[in-house]
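Observations on chain architecture
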Amino acid sequence: MRRIVMLITLAATACSPLRTFDAMIPKDAGARRVVRSAAFGQDPRQRLDVYAPTATGTEGLPIIVFFYGGSWNSGTKDGYSFVGRALAARGFVVVIPDYRVVPQVHYPRFLEDNAASVRWAIANARVFRGDPKRVLLAGHSAGAYNAAMLAIDPRWLGADREAVRGLIGLAGPYNFVPFRVPVVKAAFAGVSNPADTQPVNHVSRSDPPAFLASGDKDEIVSPADSDDLEAKLTAAGVAVDRHRYARVGHVGLLTAIASPLRSRAAVLDDMVAFARRVAPDHQEGGSSRAP
């Protein structure tokens, strides 16, 4: 346990993609990676992994597309198998894409990559026993921003947005203009209308239900961002599950999904409960989205 705590500290300090952490911790049984580095575009960064339950016989499982963070300038799907297997072991098909980052691209190219990965997931859902009409978009930090923009702003997914049953945002930045932090300025360089890049400014009644989580010890992304998005969604009549976890920091909110650290915060249980509620089995009911 002490070794794992040290790895978390290093990840938070060095903005590590968590590859070492992921390699060392035990993973959930009952899930496996069924696809590695499938292409959803021509660039080497446009690749994704798919995780699914090992149990056979169940078809039409809800799909969670998870976008990792890294300030839009770093990250790799290879550090997040603990997330993929944790969720897949609980009955979901999980897609974790890489995407192009700064300095190769800037806004909105990383969102375009994220949207392409979601379209791939929908188009290939049945190959992996997934339901193309029950998709949840999830992410941590910059990845939560990506998920929120795709779920809330119809420019990115178009008609495919109808498949999105819910948004899961962990420690996401949703309301951060003016751009002050250097990594943010780099990611959004050349943007002529900064307000147009903010999830809070695209909220509407048609948005999917949201699960918004933050740790009260987060010193990287203010929990106020989640509060702001919650307020906008609630005012629009969209259902929001807002979770605030005590004594949890920015990276700790994510690593609490890992098997050895779940006692620190009930992030995984709360995510799964939300996902099952908004994307129930067909016999349990339909969508909870506003018409």
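Residues numbered from 1 in each chain as written. Predicted model: local features only at pLDDT ≥ 70, side-chain atom pairs only at ≥ 80, totals over all residues. Heavy atoms only, no water.

This next bit is on the pattern of salt bridges. Tallied over the full model, the rule gives 18 salt bridges. Put simply, Asp 78 and Arg 36 hold a salt bridge, and the shortest N to O gap is 3.8 Å. Highlighted residues: Asp 78 in the loop between β3 (61-67) and α3 (81-88) and Arg 36 in strand β1 (residues 31-39), separated in sequence by 42 residues. A salt bridge links Asp 131 to Arg 134, with the nearest nitrogen and oxygen atoms 2.9 Å apart. The same class applies to Asp 131 and to Arg 134, which are both buried. (Salt bridge = Lys/Arg side-chain N within 4 Å of Asp/Glu carboxyl O. Helix = DSSP H or I, 4+ residues; strand = E, 2+ residues; numbered from the N terminus. Buried < 20%, exposed > 50% of the residue type's maximum accessible area, 1.4 Å probe, protein only.)

Summed over all chains, the structure comprises 20 aromatic pairs. Measuring from ring centre to ring centre gives 6.3 Å for Tyr 80 and Phe 82, while their planes differ by 20°; the resulting arrangement is stacked. Of the two residues, Tyr 80 and Phe 82, neither departs from the other in class, the shared state being buried. Their ring planes at 25° and their centres at 5.8 Å tell us that Trp 120 and Phe 128 sit as a pair that is stacked. Accessibility classification places Trp 120 together with Phe 128 in one group, the buried group. Cluster of aromatic residues (ring-pair linked, three or more members): Trp 72, Tyr 107, Phe 110, Tyr 145, Trp 156, Phe 176, Phe 179 and Phe 188. (Phe/Tyr/Trp six-rings, centres within 6.5 Å; stacked < 30°, edge-to-face > 60°.)

Moving on, we come to the sheet that holds strand β8 (residues 240-245). Strand order in this open sheet of eight strands is β1-β2-β4-β3-β5-β6-β7-β8, and the pairing throughout is mixed. Each edge of the open sheet is held by one strand with a lone partner, namely β1 and β8. This sheet shows a mean twist of 20° between the axes of neighbouring strands, independent of strand direction. In this structure, β3 lies alongside strand β5 (residues 130-140), joined through six bridges in parallel fashion. (Pairing = 2+ DSSP bridges. Axes fitted to C-alpha atoms, helices over the stretch in contact; angles between N-to-C directions.)

Everything listed here is a matter of geometry and, on its own, says nothing about what the molecule does.
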